[in-house]
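Chain by chain, the residues:
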Amino acid sequence: MTDIAAQLKGVCFQYANGDGGALSGLDMDIMKGECLLLCGSSGCGKTTVTRLLNGLIPHFFEGELKGDVTVFGKTIKDTPIEDLAGVVGSVFQNPRSQFFCVDTTSEIAFGCENLGLPADEIRKRISSAADEMNITKLLGRSIFNLSGGEKQKIACAGVAAMLPQLIVLDEPTSNLDLDSIEELKKILLGWKAQGKTIVIAEHRLGWLDGVCDRVIFMKQGTVSAEYSVKEFFSLSTPKLNEKGLRAFRTETNYLGYPTGIYPVKEHRKSETITLENFTYSYGKQDAIDIEKLDIPKGSVTAVVGHNGAGKSTFIKCLCGLQKKFRGSAVIGGQRYKSKQLLGLSYMVMQDVNHQLFADTVLDEVLLSAGDDDKQKAIQLLEKLNIAQYAKRHPMSLSGGQKQRTAIASALLAGKKLLVFDEPTSGLDFASMECTAQLLDSIGNDVTVLIVTHDMELIERCCTHILHIENGRI
């Protein structure tokens, strides 16, 4: 027992706002100093396991919990969540949900302050964590002006500064570019060298070869299979896809290409959407500076670039969501200013929690379509494999299921410009493929832009790649 860091024994859990059991008779031992990978289709229970390990279940997420969960000798049911803070550190799929401060330095310090550490020790740990994460340039920045990937790095630094014994990461690469994933890989190897115990719930799997020590494949709330690293990374692509898992593949590093817009598939339409004077700044910091850009009308264009390149700011300007933005778009000979662009477009945000409003999944989708399209909405939910959740509250779904709900809303909105910010960040293989097929079938009258680091999605549905760096092309 002394070699076990955490143990789940006969664990069953059902969320109070859900109609199914998230976990069912789960048994799992996590050994001290190991890096354990949890994988499986969206909704299989990976995130629930991470919430049990850090005490969010049962102290934050309500539901019926049976069985025993212990972490370094502490029984989760009987241990106040604040007493687990120095033992377990967590990095969530959506880092914004764990932020408490408005600037990056304070956010990294926050956990240490709550542990009651002396000021000098906190400053030392901030500096050490920033160096470890290679984010010194992000210190002193506003949280609100960071990209999704930069927020993920700050969340990791905040955890590292607390020096926990167990580190739990839920989809840590969902918003990271390939270079940042390599940086995260080095950080995890550094944590392993320090003897940390690491549990990772993840869909992008290839980068973990050489990092994780053991793999648990989950299905319908329990352990379906357990693999050694050698066994798991020997599985063929068809076998992985059959399990709903992403392939182990070397992704094309399109970030090495020059900036600009490139065709990657045949696209016969000659009309374009011409963007003019797309400039935007956060105070004195220039975020976007594009004098002119032609985007093929009816295309599905991937917007790529390093974390912090300005991709999310660019699409917010395109949808008329940024205040004080003065650029315009010429479509079919007509010029559209910021407020007019707002009426032409529909955007699925990186954090879909900000745009889920209705009491059920079906009502959420119908908000953008109208009650007359109920049958069409149900058919779309079936294509995205979430029809079984039609009567569930959207906030009771897993991250990937919420993402698909928001995508369904966008596809039924009837807009001429659809914009997606990391639409497959929390999706398994099957869900990603369904999303790609739907985006590919939208039709020539609708122009689609997708901010993404997901090369598999790009290969399946995108006609063009738009590469942005430092807000420019």
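Residues numbered from 1 in each chain as written. Predicted model: local features only at pLDDT ≥ 70, side-chain atom pairs only at ≥ 80, totals over all residues. Heavy atoms only, no water.

A. How the structure looks around the packing of aromatic side chains. On inspection of all chains with the given rule, the structure shows 11 aromatic pairs. Ring geometry for Phe13 versus Tyr15: centroids 4.8 Å apart, planes at 85°, classification edge-to-face. Exposure remark for Phe13: the relative accessible area of 1% places this residue in the buried category. Judged by relative accessible area, which is 15%, Tyr15 ranks as buried. Between Tyr15 and Phe61 the ring centres are 6.3 Å apart and the planes differ by 85°, which places this aromatic pair in the edge-to-face class. (Phe/Tyr/Trp six-rings, centres within 6.5 Å; stacked < 30°, edge-to-face > 60°. Buried < 20%, exposed > 50% of the residue type's maximum accessible area, 1.4 Å probe, protein only.)

B. Just the nonpolar core, in detail. Counting residues in hydrophobic clusters, the biggest one holds 51 residues, and the most contacted among them are Leu188, Leu208 and Phe232. Tyr254, Leu255, Val361 and Phe420 belong to the second largest nonpolar core, which has 42 residues in total. (Core = buried A, V, L, I, M, F, W, Y, C linked by side-chain atoms within 4.5 Å.)

C. Structural context of the packing of helix 5 (residues 119-133) against helix 6 (residues 148-162). At a closest axis distance of 9 Å, the pairing of helix 5 and helix 6 adopts a crossing angle of 130°. As judged from the angle between their axes, helix 5 and helix 6 are oblique. Relative to helix 6, the crossing made by helix 5 is right-handed. Contacts from Arg125, Ala129, Glu132 and Met133 of helix 5 reach helix 6 at Lys153, Cys156, Ala157, Ala160, Ala161 and Met162. The residue makeup of the contact of helix 5 with helix 6, split by class, is seven nonpolar, no polar and three charged. (Axes fitted to C-alpha atoms, helices over the stretch in contact; angles between N-to-C directions. Helix = DSSP H or I, 4+ residues; strand = E, 2+ residues; numbered from the N terminus. Parallel < 35°, antiparallel > 145°, perpendicular 65-115°, else oblique. Left-handed = near helix turned anticlockwise from the far one by under 90°. Contact = heavy atoms within 4.5 Å. Nonpolar A, V, L, I, M, F, W, Y, C, P; charged D, E, K, R; others polar.)

D. Up close: helix 1 (residues 46-53). Burial analysis of helix 1 places six of its eight residues in the buried class, the great majority of the element. Along helix 1, the residues that are buried comprise Lys46, Thr48, Val49, Thr50, Leu52 and Leu53.

E. Spotlight on the pattern of salt bridges. Tallied over the entire structure, the rule returns 13 salt bridges. Between Glu121 and Arg125 there is a salt bridge whose closest N-O contact spans 2.9 Å. On the criterion of helical spacing, the pair formed by Glu121 and Arg125 is a turn pair, its members being four residues apart in helix 5. Classification of Glu121 as partly exposed rests on a relative accessible area of 27%. The residue Arg335 makes a salt bridge to Glu276 at a minimum N-O spacing of 2.8 Å. Taken as a pair, Arg335 in strand 16 (residues 334-336) and Glu276 in strand 12 (residues 272-282) lie far apart in primary sequence, 59 residues in all. By relative accessible area, which is 42% here, Arg335 ends up partly exposed. Sharing partners across several salt bridges, the network here consists of Glu34, Arg214 and Glu226. (Salt bridge = Lys/Arg side-chain N within 4 Å of Asp/Glu carboxyl O.)

F. Helix 7 (residues 178-193), seen in detail. With 16 residues, helix 7 extends 23 Å between its outermost C-alpha atoms, agreeing within 8% with the 22 Å of an ideal straight helix rising 1.5 Å per residue. At the N-terminal boundary of helix 7, the capping side chain belongs to Asp177, with an oxygen 3.0 Å from the backbone nitrogen of Asp179. Gly195 sits one or two positions beyond helix 7 and adopts a positive phi of about 85°. (Expected span 1.5 Å × (residues − 1). Polar contact = N/O pair within 3.5 Å; in protein donor to acceptor, adjacent residues only side chain to side chain.)

G. View of the pairing of strand 8 (residues 197-201). For strand 8, a buried count of five out of five residues is recorded, marking the element as mostly surrounded by other parts of the structure. Along strand 8, one buried face is formed by Thr197, Val199 and Ala201 and the opposite face, lined by Ile198 and Ile200, is buried too. Summarising the sheet, strand 7 (residues 166-170) and strand 8 pair through five bridges and their orientation is parallel. Following the sheet pairing, Val168 is matched in strand 8 by Val199. Crossover connection from strand 7 via helix 7 to parallel strand 8: handedness right-handed. (Pairing = 2+ DSSP bridges. Right-handed = clockwise from strand over helix to strand, strands pointing away.)

H. Highlighting the sheet that holds strand 3 (residues 35-39). In space, the six strands of this open sheet follow the order 6-7-8-3-9-10, with mixed pairing throughout. If you trace the sheet from one side to the other, it starts and ends with strand 6 (88-91) and strand 10 (222-228), each paired once. Sheet twist, expressed as the mean angle between neighbouring strand axes with direction ignored, is 20°. Of the pairings in the sheet, the one linking strand 3 to strand 9 (residues 214-219) comprises four bridges and is parallel in character. Bridge pairing in strand 9 places Cys39 opposite Phe217. Sheet strands in contact with helix 1 are strand 3, strand 6, strand 7, strand 8 and strand 9, and its direction is about 150° off that of strand 7. Lying over the sheet, helix 6 contacts strand 6 and strand 7, oriented at roughly 180° with respect to strand 6.

Note that every value here comes from positions in space, so none of it alone points to a role or purpose.
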